[in-house]
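Results of the structural survey
Spelled out from the first residue to the last, the chains are:
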Amino acid sequence: WSLASLIMSVEDFPIICETCLGENPFIRMTKEGYGKACKICDRPFTIYRWRPGARARFKKTEICPTCAKMKNVCQTCILDLQFGLPVQVRDNALEEQEKLNVPKSIVNRDYMFEQYEKQVSDASRLGGPVHGSIAYGKAQSSSLLNRLARRAPYYDRNRPHLCSFYAKGECTRGDECPYRHQAPITGELANQNIKDRFYGVNDPVAVKMMREHGDETSDKSKHRGSGPSAPPADESVKALFVGGVDGRFTEEEIRTIFSAHGTITTISMVPQKGCAFVTFSSRSEAENAVKALWDSLVLHGVKLRVDWSKTRASSARSTYAPPPGMKSAMSFHSVSHDDPNKHLNLPRQPPPPPAGFQPPPPGRSSVQYASMNPQAYAANFSNHG
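Residues numbered from 1 in each chain as written. Predicted model: local features only at pLDDT ≥ 70, side-chain atom pairs only at ≥ 80, totals over all residues. Heavy atoms only, no water.

The name recorded for the chain in an unreviewed UniProt entry is Zinc finger CCCH domain-containing protein 49, from Hirondellea gigas. On record in UniProt, under Sequence similarities (unreviewed entry), the comment for the chain is "Belongs to the SLT11 family." For the chain, the Subcellular location (unreviewed entry) comment in UniProt is given as "Nucleus". (UniProt positions renumbered as here; feature names shortened; annotations may be inferred.)

Encoded structure:
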């Protein structure tokens, strides 16, 4: 092997994501120089092994640092370091010129690795950055990746493997068993391998994720050309809806972000509903804020949704044709927060009584019906007898 490849394979610390590293800040790693061959390029590299947590399984690096750097993935889980997504999902959201396709043939793959190692060695010797080696620098500009990205670590991925004896009904260790006592995983997620995940082909996790997000991942051109919803026709609407806001967010944080796009008149925080409303002083400022933040606002690791607030109903009075038997038409007031008279404007005069209606005699407070007259019932009974 070349000297550059040997230098790159001996790293002081592996290239791993926060999830694989674990939630415990104090971990102990074992290091073995050239202890295993990379599962992608078959070259020996330094193996690291550690335990992310008390109830987690031991994890180790699976691919060499060169392959991890070329694809910008974790050496253990082979997921993107920036977005936490499978390579197939990430590459599907990028344009062709932004991808780095690693050849599968041994000759072409070794040549690409040599050119990459040469760039790294020249950059380290000259003390400058590595130019043209990482092709995923433009991934930050993809709004689809920002929407699908997993910002927080997912430590359930470090759980122990399934107990094969438990699946057979033969495990006798109970709670002392270091493996999980659950039913085996079946279906498409049961067949995963590192090479498919690295090259971004036939990855069942990526296929499931793209199927769940359907139109977003399958039609990139449509998504890239899309934008916020059309501004309301009512020019008086200057309020914006901010979704995903909970108790962690404060009004000052929201004001600091949106005040960069104009003068804010009011901010209404509704954490119990998971949203907030920001009102600008002018319509143009609200339009600029929507265009700038509609798909790129991330706060506290949470992707917030920015869009136009729903327009209020017009306060104009609508007149409807009167129903049969009514002389005047009914007019309705639209119900809004600013209208205190939330009622129907009905005619003042009551409608005439129906035909055959007998008003109660003087002194009686209720209407008397024929069935309520006992004398009438007695007379009818005597006649029939």
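Let us look at the layout of surface pockets. Taken as a whole, the largest pocket holds about 1500 Å³ of empty space. Around the largest pocket, the lining is made up of 38 residues, and of these Arg57, Arg157, Gln192, Arg197 and Val205 lie nearest the centre. At the level of elements, β3 (59-60), α8 (194-199) and α9 (204-212) are the ones that each hand at least two residues to the lining of the largest pocket. Considered class by class, the residues forming the lining of the largest pocket number 17 nonpolar, seven polar and 14 charged. (1 Å grid on protein atoms, 1.4 Å probe; cavity = no way out; pocket = protein on both sides within 12 Å on 5 of 7 lines; lining within 4 Å. Points joined across faces, edges and corners; volume = space filled by probe spheres on them. Helix = DSSP H or I, 4+ residues; strand = E, 2+ residues; numbered from the N terminus. Nonpolar A, V, L, I, M, F, W, Y, C, P; charged D, E, K, R; others polar.)

This structure, assessed with the given rule, holds three aromatic pairs. A centroid spacing of 5.3 Å and a plane angle of 85° characterise the contact between Phe198 and Tyr199, whose relative ring orientation is edge-to-face. The exposure class of Tyr199 is buried, given its relative accessible area of 14%. A ring pair is formed by Phe258 and Phe280, whose centres lie 6.5 Å apart and whose planes are at 55°; its orientation type is tilted. On the criterion of sequence distance, the pair formed by Phe258 in helix α12 (residues 251-258) and Phe280 in strand β6 (residues 275-280) is long-range, its members being 22 residues apart. Each of the two residues, Phe258 as well as Phe280, counts as buried. One residue, Arg49, lies across the ring of Phe58, its end atom 4.3 Å from the ring centre. The ring of Phe198 is capped by Lys71, whose NZ or CZ atom sits 6.0 Å from the centre of that ring. (Phe/Tyr/Trp six-rings, centres within 6.5 Å; stacked < 30°, edge-to-face > 60°. Buried < 20%, exposed > 50% of the residue type's maximum accessible area, 1.4 Å probe, protein only. Lys NZ or Arg CZ within 6 Å of the ring centre and 35° of its normal.)

Chain-level statistics for the chain give a pLDDT mean of 75 and a share of 67% at 70 or above. Element-level mean pLDDT values for the chain span from 42 in helix α11 (residues 220-225) up to 95 in β3. Here residues 130-135 is a poorly scored stretch, pLDDT under 50, and it has 14 contacts once near neighbours within four places are set aside; other chains count. Confidence drops under a pLDDT of 50 for residues 215-225, and excluding neighbours within four residues, the segment shows 20 contacts in the predicted structure. (pLDDT = per-residue confidence, 0-100. Contact = heavy atoms within 4.5 Å.)

Reading across the sheet, the three strands line up as β1-β2-β3 and stay open at both edges, with antiparallel pairing between neighbours. Bordering the open sheet on either side are β1 (30-37) and β3, each of which pairs with just one other strand. As defined by bridge partners, strand β2 (residues 44-50) adjoins β3 across two bridges and the pair is classed as antiparallel. What sits directly across from Arg49, in β3, is Lys60. (Pairing = 2+ DSSP bridges.)

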